[in-house]
Amino acid sequence: MIFRNNSKVYVLDGGFSSQISRHVGVTADGDPLWSARFLRSNPDDVIKTHLDFIRAGADIISTNTYQASVDGFVKHLGLTENQSVDLIKQAVGFAKRAKDIYKDECEKESVQPRDIYIAGSVGPYGAYLHDGSEYSGSYAKNTSKESMEKWHRPRIEALIDAGVDILALETMPCGKEAEMLASMIKNYAQIPAWITFSCKDDRSLVDGEDFQTVAQRCWEINPEQLIGIGVNCCSPKVVGNLFKDISKGIEPPLSLVTYPNSGEKYTEEGWGERDCDSLDTYVHDWLDLNVKFVGGCCRTYAEDIAQIRKKVDSWVQKSSK
């Protein structure tokens, strides 16, 4: 499997919702579909946003489907179930279109293009509920694994059918849903995947479970298919401690994934100032911990990915000597 090359580090994209706001002129914050609404209203801007990240140096771009679901599109866009599945597939098509534009640009400039891969973004069930429970994982107490699986299955199958290279099972707030997904995707063994969690501090998931315990459990459920495990949508300050010694007793060591927020904190008044160094300053330390996939999440933009690209390239060059 190509993504199991232990010498390769992949640069991910940044916060899709943040970057696309520069094109559409409005923020998706507060919308029950979040930036997935733009799949219907602003498809050209979706393509432009993917292209921004590719040009900045991303090797892997994620589809604009974090908060996309069949039930959500039926409820909030008035689509039929078939139309909803088609819209999720179109999201993959928009990412493919950005890849094609990039390749055409490279050909015109006689530049060798990088290989670009598409990750199908799969956010948690709680994001669909639009009641804030995705930030605590509280919905898992009253939602069965069977219900969550039934909700996830059509969106995951749509992404796979449309040709994603990876499944990005991301921002999971609780072990119950993550473990269900780790087991469920065995039905689609041809597609590699990573699982990333949402953490409230440098030890715990937002629902209070121990991060390393849950992460290792998910890995044990499906070690053949998972190409990475890690965290996203958290402060960059906590990543190092979350990953420290996570592979103790595990051979080969876990391939780690991280794409944190900018370090700005969100309050009822909106986003506040960054309370840490810029994200790229942490990259070398993360790579030393066996991070193989690194990018950004909320409030990170194309220029942040460009800085991460520089840090990854310098680390790779240094480590190869």
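These remarks concern the structure in this document. (Residues numbered from 1 in each chain as written. Predicted model: local features only at pLDDT ≥ 70, side-chain atom pairs only at ≥ 80, totals over all residues. Heavy atoms only, no water.)

Pairing is parallel in the open sheet, where eight strands are placed in the order S1-S10-S7-S6-S5-S4-S3-S2. For this open sheet the edge positions go to strand S1 (10–11) and strand S2 (60–62), each flanked by a neighbour on one side alone. Direction of pairing for strand S3 (residues 117–122) relative to strand S4 (residues 166–172): parallel, over a ladder of four bridges. Of the residues in S4, the one forming a bridge with Ser121 is Ala168. (Pairing = 2+ DSSP bridges. Helix = DSSP H or I, 4+ residues; strand = E, 2+ residues; numbered from the N terminus.)

Glancing now at the packing of aromatic side chains. The description of two aromatic rings rests on the distance between their centres and on the angle between their planes. Under the defined criterion, the tally for this structure stands at 14 aromatic pairs. Considering the side-chain rings of Trp194 and Phe293, the 5.5 Å spacing of their centres and the 45 degrees angle between planes classify their relative orientation as tilted. Placement of the pair is Trp194 in strand S5 (residues 193–197) and Phe293 in strand S10 (residues 291–294), with a sequence separation of 99 residues. Exposure remark for Trp194: the relative accessible area of 0% places this residue in the buried category. For the pair Phe211 and Phe243, a centre-to-centre distance of 6.3 Å together with 40 degrees between the ring planes defines the contact as tilted. Here the residue Phe211 occupies a position in helix H9 (residues 211–221), and Phe243 occupies one in helix H10 (residues 239–243), the gap between them amounting to 32 residues. An aromatic cluster is present here, built from Phe3, Tyr10, Tyr117, Trp194, Tyr259 and Phe293 joined pairwise through their rings. (Phe/Tyr/Trp six-rings, centres within 6.5 Å; stacked < 30°, edge-to-face > 60°. Buried < 20%, exposed > 50% of the residue type's maximum accessible area, 1.4 Å probe, protein only.)

Structurally, Thr65 can be placed in the loop between S2 and helix H4 (70–77). Between the alpha carbons of Thr65 and Ser278 there is a distance of 27 Å; along the sequence they are 213 residues apart. Apart from residues lying up to four places away in sequence, Thr65 is in contact with Leu39, Ile88, Ala91, Gly120, Ser121, Arg155 and Leu159. (Contact = heavy atoms within 4.5 Å.)

With 91 residues, the main nonpolar core has Leu167, Ile195, Phe197 and Phe211 as its most contacted residues. Here the element with the most residues in this core is helix H5 (residues 81–108); it accounts for nine residues. Those residues in contact with Leu167, other than ones at most four positions away along the chain, are Gly120, Val122, Ile156, Leu159, Ile160, Ile185, Ile191, Pro192, Ala193 and Trp194. Listed in part, the 15 residues of the second largest apolar core include Trp194, Phe293, Cys297 and Cys298. (Core = buried A, V, L, I, M, F, W, Y, C linked by side-chain atoms within 4.5 Å.)

Attention now moves to the pairing of S4. Remark: a regular strand shows side chains that alternate across the two faces of the sheet. The buried count for S4 comes to seven of seven residues, which makes it a mostly enclosed element. Relative to S5, S4 runs parallel, the two sharing four bridges. Bridge pairing in S5 places Ala168 opposite Trp194. Traced from S4 through helix H8 (residues 175–184) to S5, the parallel crossover comes out right-handed. (Right-handed = clockwise from strand over helix to strand, strands pointing away.)

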